[in-house]
Amino acid sequence: MSRPAAMPAAPRAARPLRHLAWLRRAFMLLVPLYLLAPIVIILGVSLNERKVLFFPPEGLSLAWYREFFLDPAWSQPAINSLVIALFAGLVAISIALPLAYTAWRYRLRYANLLMGLGLAPFALPPVITALGALVLWILLQSYGKLYSVVLSHGVFLTTLPLATITLGLQTLKPELVEAARTMGAAGGTVFRTVILPHIRPYVIAGFTFAFVLSLNEYIIAYMTVGFTVETLPVKIFNSLRYGYSPVMAAISFLFFLVAVVLFGIVGRVGDLPRLLGADAPE
């Protein structure tokens, strides 16, 4: 009997490609592990039974989470931060939405200038923006007022909803708007029934980005209200001067959970690939 013909050997050029594929997969596995490692350490530190900075934790306890929610020294700054972040997000949206819509709707010659003005605050270093806000509110005799940090955060974070809403308007087909106008709908009706429902996920995404960043922002809050309206980042920084507490690790982990939940909602209701820079599908 004749022996079956041997299978041809794989080309030598294909072997390095396979090695590169394995290296790429290993790298993509290491990246999330590297990013999650600090979160795991923070979680472990927040569960220490004693007031120590140990990992792995020595004993497991939720006492530091209870202290965060029950101690007014921590819970009040958290409430301040939530209120400021909520209204700062609304301020950012109220500025970004008409700005993006005007630039998109009327195709003005100075539309790029309008967009540039909206993007300018975020392009500057936060300390420059904070210093300018400090001088402004002192001149207006409003330093230390709650609305001063809300407006400062809102203006500083306008860039984020401006970018997301602009992306949403770019995905809107002009034929839909023209069809609504042809049917006799007025400008306000077209905006309310056609444009706004289409860009709503992008508005929610912009508000979420502004909310999370305002929640974590330190330098502008410190420069505009100081310890008069103490936010959580300012409270943590101030407390570090007197020593470490696992409550800080608990707060950090809770901040992480809040960001995961909110950005998960954005990914659920919005066009996440488009928000991350992917081209719109044809």
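### Some details on the overall build of the protein
So, point 1. The number of helices and strands found in the protein is 13 helices and 0 strands.
So, point 2. Starting at the N terminus and walking to the C terminus, you meet the elements of the protein as α-α-α-α-α-α-α-α-α-α-α-α-α.
So, point 3. Counting the 282 residues in the protein, one finds 39% classified as buried.
So, point 4. Looking at the protein alone, contacts between residues at least 24 apart form 72% of all its contacts between residues at least 6 apart.
So, point 5. If you sum the accessible surface of the protein, you get close to 17200 Å²; carbon and sulfur atoms cover 70% of it.

### Description of the packing of aromatic side chains
So, point 1. Under the criterion given, the structure shown has 8 aromatic pairs.
So, point 2. Arranged with centres 4.9 Å apart and planes meeting at 65 degrees, the rings of Phe68 and Phe69 form a pair that is edge-to-face.
So, point 3. Look at Phe69 and you get exposed, because its relative accessible area is 54%.
So, point 4. Relative to Phe263, the ring of Phe209 has its centre 5.4 Å away and its plane inclined at 45 degrees; by these criteria the two rings are tilted.

### Points about the confidence of the model for the protein
Fine structural detail should not be taken from predicted coordinates in areas where pLDDT scores are low.
So, point 1. Of the residues in the protein, 85% have a pLDDT of 70 or more, and the chain-wide mean is 80.
So, point 2. Averaged pLDDT values over the elements of the protein bottom out at 58 in helix α13 (residues 272-275) and peak at 91 in helix α6 (residues 146-156).

### Examining helix α2 (residues 63-70)
So, point 1. Of all the positions in α2, only Trp64, Tyr65 and Phe68 are classed as buried. Down the axis of α2, the smallest arc covering the buried residues is 105 degrees, so these residues share one side.

### Let's talk about the side chain of Ser239
So, point 1. With respect to the helices, strands and loops of the structure, Ser239 is situated in helix α11 (residues 232-240).
So, point 2. Non-local contacts of Ser239, meaning those with residues more than four positions away in its chain, are made with Trp74 and Met248.

### What to know about unusual backbone geometry
So, point 1. If you check the backbone angles, Gln141 has positive phi at about 55 degrees while not being a glycine.
So, point 2. For Gln141, the position within the fold is in the loop between α5 (126-139) and α6.
So, point 3. Judged by its relative accessible area of 71%, Gln141 falls in the exposed class.

Rules used throughout
- Residues numbered from 1 in each chain as written.
- Predicted model: local features only at pLDDT ≥ 70, side-chain atom pairs only at ≥ 80, totals over all residues.
- Heavy atoms only, no water.
- Helix = DSSP H or I, 4+ residues; strand = E, 2+ residues; numbered from the N terminus.
- Buried < 20%, exposed > 50% of the residue type's maximum accessible area, 1.4 Å probe, protein only.
- Contact = heavy atoms within 4.5 Å.
- Areas by Shrake-Rupley, 256 points an atom, 1.4 Å probe, with all protein chains shown as cover.
- Phe/Tyr/Trp six-rings, centres within 6.5 Å; stacked < 30°, edge-to-face > 60°.
- pLDDT = per-residue confidence, 0-100.
- Arc of directions from axis to C-beta.

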